Amino acid sequence: MSKRFEIEATPLDGLLLLKRRPIADPRGSFARLFCAEELAAAGWHGPVAQINESRTRHRGTVRGLHYQKPPFAEIKLVSCVEGAILDVAVDLRPQSPTYLKTHAAELSAGNACALMIPEGFAHGFQALTDDVRMIYVHSAPYAAEAEAGIDATDPTLSIAWPLPVANRSPRDEALPRLSILDERFSA
Ligand SMILES: Cc1cn([C@H]2C[C@H](O)[C@@H](COP(=O)(O)OP(=O)(O)O[C@H]3O[C@H](C)C(=O)[C@H](O)[C@H]3O)O2)c(=O)[nH]c1=O
């Protein structure tokens with residue numbers, strides 16, 4: 001089977017950077033966004049529970065940092081299919097060697113990259129262009145009661161957002177900082 005993704009590790013334990021390998025022809029190209037066989041070998045376990053799309057109008061907008069608490073913790077494959085973003089994952093697993101470490105990667109329609117984010121990570125991104133379109137594949141269903149998050153401007157994380165942080169939702173503006181987060185993610 002010809003591999004449809006180049007998969008490489010990142011400095012965070014279990015967080016993977018995928019690069020799609022489109023098949024081009026004179027009409028254009030065809031690319032796979034998800035492959036159960038290839039991604040299972042890379043660590044995806046569980047179903048494809050949901051596939052979501054988000055659209056972000058303006059560059060500078062930040063969404064996140066979000067995660068779902070157990071038993072709805074999820075693996076997330078995050079792909080940018082229009083525009084460009086800086087994608088950020090934060091390791092919230094107290095037993096992890098990279099606990100509280102962050103990793104950022106530029107994902108764009110142009111570079112065909114995606115992040116496969118294990119359970120126990122918070123995730124967010126900043127739009128680097130207008131008109132960003134994201135596709136998320138989730139291994140667990142959305143559970144509002146399990147939704148949690150961290151302030152994307154938390155100085156403890158000191159995420160170097162490339163643009164001034166803008167257009168956050170009221171919910172994201174009100175997310176707690178690690179210093180007052182009264183519960184750690186327990187995988
Ligand atoms: C995630 C999700 C949300 N919703 C509802 C809840 C809200 O009424 C509305 C927008 O949700 P939210 O403001 O959480 O959307 P984002 O800020 O883009 O959050 C998403 O993007 C960040 C960066 C992520 O990592 C998560 O995948 C996801 O939380 O859709 C659903 O109905 N189903 C879902 O699976």
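Residues numbered from 1 in each chain as written. Predicted model: local features only at pLDDT ≥ 70, side-chain atom pairs only at ≥ 80, totals over all residues. Heavy atoms only, no water.

Taking an unreviewed UniProt entry as the reference, the protein is identified by name as dTDP-4-dehydrorhamnose 3,5-epimerase belonging to Xaviernesmea rhizosphaerae. Reading the Function (unreviewed entry) entry of the UniProt record for the protein gives the comment "Catalyzes the epimerization of the C3' and C5'positions of dTDP-6-deoxy-D-xylo-4-hexulose, forming dTDP-6-deoxy-L-lyxo-4-hexulose." The UniProt entry for the protein carries the following text under Catalytic activity (unreviewed entry): "dTDP-4-dehydro-6-deoxy-alpha-D-glucose = dTDP-4-dehydro-beta-L-rhamnose". (UniProt positions renumbered as here; feature names shortened; annotations may be inferred.)

Asks: How do you make sense of the site of the ligand when you look at a structure like this?
Replies: By nearness alone, every residue bordering the ligand is listed as Gln-50, Asn-52, Arg-63, His-66, Lys-76, His-123, Gly-124, Tyr-136, His-138, Tyr-142, Glu-147 and Arg-171. A distance of 2.8 Å separates an oxygen atom of the ligand from a polar side-chain atom of His-66. Burial of the ligand by the protein amounts to 66% of the accessible area it has alone, namely 640 Å². Taking a 2 Å distance to the grid points as the criterion, the majority of the atoms of the ligand fall inside the largest pocket. Elements represented by at least two residues in the shell around the ligand include exactly strand E5 (50–56), strand E6 (62–68), strand E11 (121–127) and strand E12 (132–138). (Near = heavy atom within 4 Å. Polar contact = N/O pair within 3.5 Å; in protein donor to acceptor, adjacent residues only side chain to side chain. Areas by Shrake-Rupley, 256 points an atom, 1.4 Å probe, with all protein chains shown as cover. 1 Å grid on protein atoms, 1.4 Å probe; cavity = no way out; pocket = protein on both sides within 12 Å on 5 of 7 lines; lining within 4 Å. Sits in = over half its atoms within 2 Å of the grid points. Helix = DSSP H or I, 4+ residues; strand = E, 2+ residues; numbered from the N terminus.)

Asks: Would you mind going over the packing of aromatic side chains with me for this structure?
Replies: Between two aromatic rings, the relevant description is the distance of the centres plus the angle of the planes. In this structure the tally under the stated criterion is one aromatic pair. Ring geometry for Phe-34 versus Trp-44: centroids 4.9 Å apart, planes at 80 degrees, classification edge-to-face. Remark: Trp-44 occurs in the loop between helix H1 (36–41) and E5 and Phe-34 occurs in the loop between strand E4 (28–30) and H1; sequence separation between them is 10 residues. On the accessibility criterion, Trp-44 (7% relative accessible area) is buried. (Phe/Tyr/Trp six-rings, centres within 6.5 Å; stacked < 30°, edge-to-face > 60°. Buried < 20%, exposed > 50% of the residue type's maximum accessible area, 1.4 Å probe, protein only.)

Asks: It is not clear to me how empty space enclosed by the protein should be interpreted in this structure. Could you clarify?
Replies: Any space left empty among the atoms is revealed by the rolling of a water-sized probe across them. Applying the stated criterion across every chain yields a total of two cavities of 30 Å³ or more. Taken as a whole, the largest cavity holds about 60 Å³ of empty space. Lining the largest cavity are 10 residues, and of these Tyr-67, Gln-68, Glu-74, Gly-120 and Phe-121 sit closest to its centre. Classifying every residue of the lining of the largest cavity gives five nonpolar, two polar and three charged. (Points joined across faces, edges and corners; volume = space filled by probe spheres on them. Nonpolar A, V, L, I, M, F, W, Y, C, P; charged D, E, K, R; others polar.)

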